[in-house]
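Analysis of the macromolecular model
As a plain string of letters, each chain reads:
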Amino acid sequence: MAKKINYIKVKKSFKSQIMDILYYFDLVSVLTAKELKVRYKNSVLGYFWSVLNPLSMALIFLFAFKKVLKIPIENYTFFLICGLFPWQWFSNSVMVSTNILLSNATLIKKTNFPFYIIPLVSVLNDMIHFIMSIPIILALALSYKIWPTIAWIYGILLLTISQFFLTFGISLFVSSLNLFFRDLERIVNIGIMILFYGTPIFYDTSFVPQRYKFFIIINPLAGIIENWRDIFMKNSINFPLFWKNLAYNIIIFSLGFFIFKKLSYKFGEIL
Amino acid sequence: MSLSSKIVVSFERVTKTYPYYGYIIAGLKNFLLKLPQAIKYSRKRFVALKNISFQVYEGECFGIIGKNGAGKSTILSLILGVIKPDKGRIYVKKRVSALLELGAGFHPDLTGRENIILNGVLLGMRKKKVLQQMEKIIEFSELRNFIDQPIRTYSLGMIARLGFSVAAHLEPEILLIDEVLAVGDIGFQKKCINKILSFKQNGVTIVFVSHNMQDIKNLCDRVMWIEDHSIKMIGSPDEVIKAYEQAYK
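Residues numbered from 1 in each chain as written. Chains lettered and ligands numbered in written order. Predicted model: local features only at pLDDT ≥ 70, side-chain atom pairs only at ≥ 80, totals over all residues.

1. Some points on the overall build of chain A
Test applied: Each helix is a run of DSSP H or I of at least 4 residues and each strand a run of E of at least 2, with the numbering of both proceeding from the N terminus. It is over C-alpha atoms that the radius of gyration is taken, and the globule rule equals 2.2 Å times the number of residues to the power 0.38. Counting other C-beta atoms within 10 Å of its own, a residue is labelled buried from 20 upward, exposed at 12 or fewer, and partly exposed in the gap between, with every C-beta atom placed from the backbone. Each residue gets a C-beta atom placed from its backbone, and two residues are in contact if those atoms lie within 7 Å.
When helices and strands are counted, chain A shows 11 helices and 1 strand. If you list the helices and strands of chain A from N to C, you get β-α-α-α-α-α-α-α-α-α-α-α. Taking 271 residues into account, the globule formula puts the C-alpha radius of gyration at 18 Å, and chain A, at 20 Å, falls close to it. The buried share among the 271 residues of chain A stands at 34%. Look at the contacts in chain A between residues 6 or more apart in sequence, and 77% of them connect residues 24 or more apart.

2. Looking at the packing of helix α3 (residues 76–98) of chain A against helix α6 (residues 117–143) of chain A
All names here are of chain A. Operational definition: Inter-axis angles, ranging from 0 to 180 degrees, are taken between N-to-C directions of lines fitted to C-alpha atoms, where helices are fitted over the stretch in contact. We call two directions roughly parallel when the angle between them is under 35 degrees, roughly antiparallel when it is over 145, roughly perpendicular when it lies between 65 and 115, and oblique otherwise. Residues are grouped as follows: Ala, Val, Leu, Ile, Met, Phe, Trp, Tyr, Cys and Pro are nonpolar; Asp, Glu, Lys and Arg are charged; every other residue, Gly included, is polar.
Following both chains from N to C, one finds α3 and α6 inclined at 170 degrees, their axes separated by 9 Å at the closest point. In terms of orientation, α3 and α6 fall into the roughly antiparallel class. Contacts between α3 and α6 involve Phe78, Ile81, Cys82, Phe85, Pro86, Gln88, Trp89, Asn92, Ser93, Val96 and Ser97 from the former and Pro119, Ser122, Val123, Asp126, Met127, His129, Phe130, Ser133, Ile137, Leu140 and Ala141 from the latter. Residue composition of the contact of α3 with α6, grouped by class: 14 nonpolar, 7 polar and 1 charged.

3. Quick notes on the sheet that holds strand β5 (residues 96–99) of chain B
All names here are of chain B. Where we set the bar: When DSSP finds two or more bridges between a pair of strands, those strands are recorded as paired.
Reading across from one edge, β5-β6-β7-β3-β8-β9 is the order of the 6 strands in this open sheet, with mixed pairing throughout. For this open sheet the edge positions go to β5 and β9 (230–235), each flanked by a neighbour on one side alone. On average, each strand axis in the sheet is tilted by 20 degrees relative to the strand beside it, whichever way the strands run. The pairing of β5 with strand β6 (residues 174–178) spans 4 bridges and is parallel. Bridge pairing links valine 96 to isoleucine 174 in β6.

4. Let's talk about the pairing of strand β8 (residues 222–227) of chain B
Residue and element names in this part refer to chain B. Note that strand β3 (residues 61–66) and β8 share 5 bridges and pair parallel. Across the sheet, the residue bridging to phenylalanine 62 is arginine 222, located in β8. Summarising the sheet, β8 and β9 pair through 5 bridges and their orientation is antiparallel. Across the sheet, residue tryptophan 225 finds its bridge partner in β9, namely methionine 233. The turn joining β8 and β9, which pair antiparallel and follow one another in sequence, is formed by 2 residues; a positive phi near 50 degrees is taken by aspartate 228.

5. Considerations on the environment of phenylalanine 173 of chain A
For phenylalanine 173 of chain A, the position within the fold is in helix α7 (residues 150–180). Accessibility expressed as a C-beta count within 10 Å gives 25 for phenylalanine 173 of chain A, which makes it buried.

6. Regarding the confidence of the model for chain B
As a reminder, the rule being used: pLDDT measures how confident the predictor is about each residue, on a scale from 0 to 100.
Confidence along chain B averages 86 in pLDDT terms, with 90% of residues attaining 70 or more. As a predicted assembly, this complex carries a pTM of 0.87 together with an ipTM value of 0.82.

7. Some remarks on the confidence of the model for chain A
Low-pLDDT stretches of the model should not have their predicted coordinates read in fine detail. On average, residues of chain A score 89 in pLDDT, and 94% of them are at 70 or above. When the criterion is pLDDT under 50, residues 1–5 of chain A qualifies, and its contacts beyond four places in sequence or with other chains add up to 2 contacts.

8. Describing the environment of tryptophan 225 of chain B
Residues and elements named next belong to chain B. Along the chain, tryptophan 225 turns up in strand β8. Along the primary structure tryptophan 225 and phenylalanine 106 are separated by 119 residues, whereas in three dimensions their C-alpha atoms are 33 Å apart. For tryptophan 225, the contacting residues outside a window of four places in its chain are Ile65, Gly66, Lys232, Met233, Val240 and Tyr244.

9. Thoughts on the nonpolar core
Cut-off, in case you're wondering: The term nonpolar core refers to a group of buried residues, namely Ala, Val, Leu, Ile, Met, Phe, Trp, Tyr and Cys, whose C-beta atoms join them within 7 Å.
Ranked by size, the top nonpolar core spans 124 residues in total, and within it Ile79, Leu176, Ile206, Val207 and Phe208 of chain B carry the most contacts. At 10 residues, α3 of chain A tops the list of elements feeding residues into this core. Once residues within four sequence positions are removed from consideration, leucine 176 of chain B is found in contact with Leu76, Ile79, Leu80, Val96, Ala98, Leu99, Leu100 and Val207 of chain B.

10. Remarks on the environment of threonine 111 of chain A
Of note, threonine 111 of chain A is situated in the loop between α5 (105–110) and α6. Residues contacting threonine 111 of chain A, with those up to four places away along its chain left out, are Ala98, Ala104, Leu122 and Leu123 of chain B.

Right under this line is the structure:
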């Protein structure tokens with residue numbers, strides 16, 4: 001089969017490229033606003049529902065690990081919330097993205113905007129939910145007499161960017177691959193479960209025996225969760241860990257984006 | 001249509017095949033267990049277009065007719081750029097707007113007004129532009145009384161009306177239309193045809209797929225007849241339609 005470049009569009013001028021970027025910005029904002037609207041349209045308790053899930057998980061872990069197993073961690077409720085809220089963003093985005101191209105098949109076949117915008121919108125949607133749940137973390141911090149400093153502002157900003165790269169990268173990867181292997185969804189569900197227990201969310205990294213530390217090091221989420229906790233609980237950010245983690249996440253994002261781009265010309269055929 | 005006109009879409013010996021994805025999409029288990037068949041099938045491909053070449057000139061309305069499954073929609077998808085050809089070259093020299101499905105991206109829980117914004121942006125308009133055109137779009141759709149209701153309460157005809165009304169306010173350079181006028185009542189169909197004619201008068205290049213020979217006659221400057229995945233005939237609407245209708249007598 002001849003493999004050469006065979007779809008040619010005339011080169012775009014600088015001005016029309018700028019117009020394209022402005023247009024994509026519109027597209028992303030309109031689609032994200034739509035997701036939020038749809039989510040909250042039919043329920044008065046919309047916001048409450050989106051934080052109820054991590055809050056109830058926190059209660060379960062509080063009971064199982066603090067009350068029953070007596071895990072030696074101070075302020076355990078707060079400790080859990082600091083890990084569970086960012087985790088929720090990651091896991092929701094990845095699970096929704098797995099099927100998102102299938103459920104948007106008509107858009108892919110009938111319109112010609114860049115397809116990566118579809119998983120992007122789902123990642124942004126969960127990111128906004130996470131950001132909206134920060135006031136709850138703040139309230140909890142205050143109740144534990146932790147007074148936030150300026151570190152919260154830049155810490156939240158930096159970590160949101162870093163986690164965005166990771167989440168979007170994995171979402172691109174699973175969304176495109178799921179078109180070719182439709183049972184990937186189940187594998188993703190199992191993977192998410194393994195990742196949840198393999199990430200220091202309800203335990204501390206220091207508890208992990210030396211021989212298993214390797215898994216914490218290769219798990220990009222572990223670094224992020226640790227960083228989130230440092231900011232919320234200690235008003236500080238572990239910069240060496242942050243930069244290493246950011247580099248890792250950007251690599252994952254680039255790989256995900258590359259694979260998605262490579263496969264995206266097949267989307268129209270396969271859907 | 002003079003021959004000196006600028007070519008805006010050009011197909012040069014284009015072949016497009018589709019794989020038989022059955023074995024792959026059935027899941028990873030099937031793929032691995034039936035690896036030999038899966039590989040065999042992934043080599044065997046279904047030919048949707050065989051070595052076709054044609055040009056569309058700036059400002060003309062180019063009709064495509066043929067049986068179901070002949071490859072008409074594949075041509076539109078190739079122009080739109082959502083799929084790539086296996087062999088040959090395709091040139092597209094202007095911005096393409098596609099009207100392949102009325103109301104792409106409509107969400108049933110959102111109101112007509114909210115869906116106009118959503119659909120307009122998905123079709124390629126800036127949000128500001130959609131908001132400026134909002135009143136005109138509502139006026140055109142004749143759905144003002146329902147515009148703030150969620151569109152799950154609309155009938156199919158009303159949804160199609162709303163979809164076309166948004167598309168009618170695009171500013172396309174090349175417009176692809178795939179058999180979307182078959183909906184709505186006669187009055188609205190007439191309105192759609194008039195709108196397409198006014199696009200044409202404004203110099204928009206149109207590629208138009210339809211099974212309605214009357215529409216083809218009314219709108220098109222040239223018509224291409226696709227049969228068995230290749231071009232049977234290109235010519236004036238009258239001669240091509242005559243031959244086409246002769247063949248299926």
